[in-house]
Amino acid sequence: MLRLPPLRERREDVPLLFEHFVGQACARHGREPEPLCQAMSQELMAHDWPGNVRELRNAAERFVLGFADERLLAGDESAPTSLAQQMDQVERVLIERALKRHQGRMSVTCEALGIARKTLYDKIARLHIDVDAYRTGPAE
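Conventions adopted
Residues numbered from 1 in each chain as written. Predicted model: local features only at pLDDT ≥ 70, side-chain atom pairs only at ≥ 80, totals over all residues. Heavy atoms only, no water. Phe/Tyr/Trp six-rings, centres within 6.5 Å; stacked < 30°, edge-to-face > 60°. Lys NZ or Arg CZ within 6 Å of the ring centre and 35° of its normal. Core = buried A, V, L, I, M, F, W, Y, C linked by side-chain atoms within 4.5 Å. Buried < 20%, exposed > 50% of the residue type's maximum accessible area, 1.4 Å probe, protein only. Helix = DSSP H or I, 4+ residues; strand = E, 2+ residues; numbered from the N terminus. Contact = heavy atoms within 4.5 Å. Axes fitted to C-alpha atoms, helices over the stretch in contact; angles between N-to-C directions. Parallel < 35°, antiparallel > 145°, perpendicular 65-115°, else oblique. Left-handed = near helix turned anticlockwise from the far one by under 90°. Nonpolar A, V, L, I, M, F, W, Y, C, P; charged D, E, K, R; others polar. Salt bridge = Lys/Arg side-chain N within 4 Å of Asp/Glu carboxyl O.

Engineer: A description of the packing of aromatic side chains should follow, citing residues and the corresponding values.
Structural biologist: One pass over the structure, following the stated rule, counts one aromatic pair. One cation-aromatic arrangement involves Arg97 over Phe63; the distance from NZ or CZ to the ring centre is 5.7 Å.

Here it is as structure tokens:
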């Protein structure tokens, strides 16, 4: 019988496995993978993963879908609870990623998100997103 140690005994493997699952989820959802920052890598290795690989795979899926930013582990006390809060979090992540990808250029961001400029401005105002933080060139 082959014994596979639990993830809590192979913490150094967790970031690599997470990146693998993120790649699979990105392919399924037609998204580009986001790089794994050092803080998230440390958070992944610090978690005990009682659900083992299945829990890690689900965390990667939530990460890709924007349900988790820097705090990706389930059970985070600061995580939103209502559907409206969760939808706000998803919108914020998607808008911020698009702004970052397009250096804060509003017309390109609107096109990438498939929404009208007024809709984007309304969402940015409602979610208190600082567009200037994403601009690398002159404002539109």
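Engineer: Describe the nonpolar core, listing the residues and the values that go with them.
Structural biologist: By size, the foremost hydrophobic cluster in this structure holds 15 residues, and its most contacted members are Val14, Phe18, Val22, Leu44, Trp49 and Leu56. Secondary-structure elements contributing two or more residues to this core are helix 1 (14-29), helix 2 (38-46) and helix 3 (52-64). Ignoring sequence-local partners within four residues, the contact set of Val14 consists of Leu7, Leu44, Trp49 and Leu56. Counting nine residues, the second largest nonpolar core, distinct from the first, contains Leu99, Leu120, Ile124 and Val131.

Engineer: Explain the side chain of Arg10 residue by residue, including any values.
Structural biologist: Within the element layout of this structure, Arg10 appears in the segment before helix 1. Since its relative accessible area comes to 18%, Arg10 is described here as buried. The residues contacting Arg10, other than those within four sequence positions of it, are Pro5 and Leu17.

Engineer: Help me get a handle on the packing of helix 1 against helix 3, residues and values and all.
Structural biologist: At their nearest, the axes of helix 1 and helix 3 sit 8 Å apart, and the two run at 50° to each other. Between helix 1 and helix 3, the angle is such that the two are oblique. Every pair of crossing elements has a handedness; the one defined by helix 1 and helix 3 is right-handed. Of the residues in helix 3, those in contact with Val14, Leu17, Phe18, Phe21, Val22, Ala25, Cys26, Arg28 and His29 of helix 1 are Val53, Leu56, Arg57, Ala59, Ala60, Glu61, Phe63 and Val64. Taken together, the residues of the contact of helix 1 with helix 3 sort by class into 13 nonpolar, one polar and three charged.

Engineer: Lay out the pattern of salt bridges in plain terms, naming residues and giving numbers.
Structural biologist: Per the counting criterion, the structure on display carries ten salt bridges. For the salt bridge of Glu91 with Arg126, the shortest nitrogen-to-oxygen distance reads 2.5 Å. Of this pair, Glu91 sits in helix 4 (residues 83-101) while Arg126 sits in helix 6 (residues 117-127); the two residues are 35 residues apart in sequence, bridging distant segments of the chain. The closest approach of N and O atoms between Arg135 and Asp132, which form a salt bridge, is 2.6 Å. Exposure remark for Arg135: the relative accessible area of 23% places this residue in the partly exposed category. Through salt bridges with shared partners, a single ionic network connects Asp88, Glu91, Lys123 and Arg126.

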